[in-house]
Amino acid sequence: MVKGIGIDSVDIEEMRGICGDLDNVFVRRTFTQAEVVQALDRPDPASFLAGRFAVKEATFKALGHLTSDGGFDFRFVETLHDENGCPSITKSPKLAAYLAEAHATEALVSITNESGLATAIVLVQ
């Protein structure tokens, strides 16, 4: 059963300006090391990270109203490519706790980049 749905869009050029050299406070406080490593393997790391940031925001929108903890840390939502190259949200211990509190088992994700925007949708069920 669907528990929540969230969508978010991020301006890729804005993310490019924010991320800089990928070793700044914003990047370290927002993305996991594994996300940064996958971004560095891409031709356009800022575009990749814009999609991952959109996932984090969409996950908060889909799940935040179902939990009592107000301390949502974006690093709890890690989105990596699975063995087929598809984006997949890693179930970290903290995210698993949020899902359990929401009586949900998984968060599904889809990301698209088009016309300078990275857009993600997250379905929590």
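Structure first, text after, so check above.
Residues numbered from 1 in each chain as written. Predicted model: local features only at pLDDT ≥ 70, side-chain atom pairs only at ≥ 80, totals over all residues. Heavy atoms only, no water.

(A) The arrangement of the packing of aromatic side chains in detail. Per the counting criterion, the structure on display carries 4 aromatic pairs. Residues Phe26 and Phe53 carry aromatic rings whose centres are separated by 5.8 Å and whose planes lie at 55° to one another, so their mutual orientation is tilted. Of the two residues, Phe26 is situated in helix 2 (residues 25-30) and Phe53 in helix 4 (residues 45-63); the sequence distance between them amounts to 27 residues. Take Phe26: its relative accessible area is 25%, and that puts it in the partly exposed class. Here Phe76 and Tyr98 contribute two aromatic rings whose centre-to-centre distance is 6.3 Å and whose plane-to-plane angle is 50°, an arrangement assigned as tilted. Taken together, the residues Phe76 in the loop between helix 4 and strand 2 (77-81) and Tyr98 in helix 5 (residues 93-101) connect sequence positions 22 residues apart. For Tyr98, a relative accessible area of 2% puts it in the buried group. (Phe/Tyr/Trp six-rings, centres within 6.5 Å; stacked < 30°, edge-to-face > 60°. Helix = DSSP H or I, 4+ residues; strand = E, 2+ residues; numbered from the N terminus. Buried < 20%, exposed > 50% of the residue type's maximum accessible area, 1.4 Å probe, protein only.)

(B) Geometry of the pattern of salt bridges. Summed over all chains, the structure comprises 5 salt bridges. Among the ionic pairs, Asp23 bridges to Arg28, the shortest N-O distance being 3.3 Å. For Asp23, a relative accessible area of 51% corresponds to the exposed category. Residue Arg28 is classed as partly exposed on the basis of its relative accessible area, which comes to 45%. Three or more residues are tied together by salt bridges with common partners; here these are Glu13, Arg16 and Asp44. (Salt bridge = Lys/Arg side-chain N within 4 Å of Asp/Glu carboxyl O.)

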